[in-house]
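# Descriptive structure summary
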Amino acid sequence: MDVGAGVIATASQPSIRHLKDGDPVAWRWFLDSFGGLIAGYARQKGALDPDEISGATMENVARAIGSFEGNHRMFRSWVFSVAHSCIVDDFRRRDRRQEMALPEGTMERIPAPILEEGFADPDLIEAMRGLGEDQRSLIFLRYVMGFSMKEIGFVVDRSEAATRLAIHRTQRALRKRLSDASLEHTEGRAPSVQGVDGR
């Protein structure tokens with residue numbers, strides 16, 4: 001069974017049909033597997049209330065699950081496209097100028113999966129602070145969720161080619177920030193970029 005990266009796998013992972021049939025066990029799996037990840041994605045996008053975005057996404061998925069067709073990997077991409085739409089709608093309902101600024105301390109609340117993917121280097125965390133919300137979201141989808149370029153494009157509503165270019169530019173910007181930061185180290189130690197460069 002296809003369980004993509006970033007989705008909690010269990011021996012009793014339900015089928016999409018179970019979700020469509022309203023099986024409470026299946027929906028518990030969905031909440032446990034996706035709730036925290038969606039909130040983490042919302043944080044990367046600069047949402048002030050990631051849990052609210054997560055809840056709205058869950059509701060929209062529940063309403064629209066009947067029209068979904070595909071396997072688990074396609075379901076995962078679809079869920080994050082719904083989350084992306086919820087974030088956009090949230091920004092439109094609020095004062096955009098106020099909402100697009102990341103709250104103080106957001107980067108310190110990066111979800112645990114990021115730390116597990118080799119992003120624990122403090123220099124890397126600091127460099128990521130200098131990226132825009134969209135760039136951090138691309139890093140999150142690519143290296144935490146393990147999405148392909150095509151899947152990321154589906155989530156953020158871009159072509160695969162445009163997505164590939166955006167991620168390349170994000171990687172280049174992040175490498176530059178890390179390079180600049182390394183020059184400031186008196187001992188000349190270059191920070192690790194495990195999981196970002198060369199993938």
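Provided above is the structure to which this section pertains.
Below: a short report on this structure. All residue numbers refer to position in the chain's written sequence, counted from 1. Owing to the predicted nature of the model, reporting of local features is limited to residues with pLDDT of at least 70; listing and counting of side-chain atom pairs is limited to 80 or more, with chain, interface and lining totals taken over all residues. Hydrogens and water are ignored here; the side-chain numbers use all heavy atoms of the structure.

## Brief notes about the overall build of the chain
Numbering of helices and strands starts at the N terminus; helices are DSSP runs of H or I of at least 4 residues and strands are runs of E of at least 2. If you tally the helices and strands in the chain, you get 10 helices and zero strands. The order of helices and strands in the chain, counted from the N terminus, is α-α-α-α-α-α-α-α-α-α. For every residue, the accessible area (1.4 Å probe, protein chains only) is compared with the maximum for its type, and the residue is labelled buried under 20%, exposed over 50%, or partly exposed between those bounds. Counting the 199 residues in the chain, one finds 46% classified as buried. A sequence separation of at least 24 residues applies to 69% of the contacts in the chain between residues at least 6 apart. Accessible surface is estimated by sampling points in the Shrake-Rupley manner with a 1.4 Å probe; for residues, cover comes only from the protein chains shown. Carbon together with sulfur atoms contributes 50% to the accessible area of the chain, which is approximately 10300 Å² in total. In this analysis, two residues are considered to be in contact whenever any of their non-hydrogen atoms come within 4.5 Å of each other.

## Some thoughts on the layout of surface pockets
If a probe as big as a water molecule is rolled over the atoms, it shows which places are left empty. Estimates place the volume of the second largest pocket at around 170 Å³. Taken together, Phe68, Glu69, Arg73, Met74, Ser77, Trp78, Lys150, Glu151 and Phe154 make up the lining of the second largest pocket. Counting residues per element, the ones that place at least two in the lining of the second largest pocket are α4 (72-93) and α9 (149-156). Per-element accounting of the lining of the second largest pocket gives the leading share, four residues, to α4. Put simply, Ala, Val, Leu, Ile, Met, Phe, Trp, Tyr, Cys and Pro go in the nonpolar bin, Asp, Glu, Lys and Arg in the charged bin, and everything else, Gly too, in the polar bin. Considered class by class, the residues forming the lining of the second largest pocket number four nonpolar, one polar and four charged. Cavity means a closed set of points on a 1 Å grid over the protein atoms alone, one where a 1.4 Å probe fits but cannot get out, pocket means an open set with protein on both sides within 12 Å along at least 5 of 7 lines, and lining means a residue has an atom within 4 Å of a point. Grid points are joined across faces, edges and corners, and a volume is the space filled by probe spheres set on the points.

## Side note on the packing of helix α2 (residues 24-44) against helix α8 (residues 133-144)
To get an axis, fit a line to the C-alpha atoms, keeping to the stretch in contact for a helix; angles then go from 0 to 180 degrees between the N-to-C directions. Contact geometry of α2 with α8 gives a least axis separation of 8 Å together with a crossing angle of 150°. With respect to their mutual orientation, α2 and α8 come out roughly antiparallel. Every residue of α8 that contacts α2 at Leu37, Gly40, Tyr41 and Gln44 is listed here: Glu133, Arg136, Ser137, Phe140 and Leu141. Here the residues of the contact of α2 with α8 are counted per class, giving four nonpolar, three polar and two charged. Throughout this description, any angle smaller than 35 degrees is read as roughly parallel, any larger than 145 degrees as roughly antiparallel, any in the 65 to 115 degree range as roughly perpendicular, and the remainder as oblique.

## Re the pattern of salt bridges
Any Lys or Arg side-chain nitrogen found within 4 Å of a carboxyl oxygen on Asp or Glu counts as a salt bridge. Counted according to the given criterion, the structure contains seven salt bridges. The shortest N-O distance in the salt bridge between arginine 17 and aspartate 21 comes to 3.7 Å. When its relative accessible area of 48% is taken as the criterion, arginine 17 is described as partly exposed. Between arginine 76 and glutamate 151 there is a salt bridge, with the nearest N and O atoms lying 3.3 Å from each other. One end of the pair, arginine 76, is in helix α4; the other, glutamate 151, is in helix α9, and 75 residues separate them in sequence.

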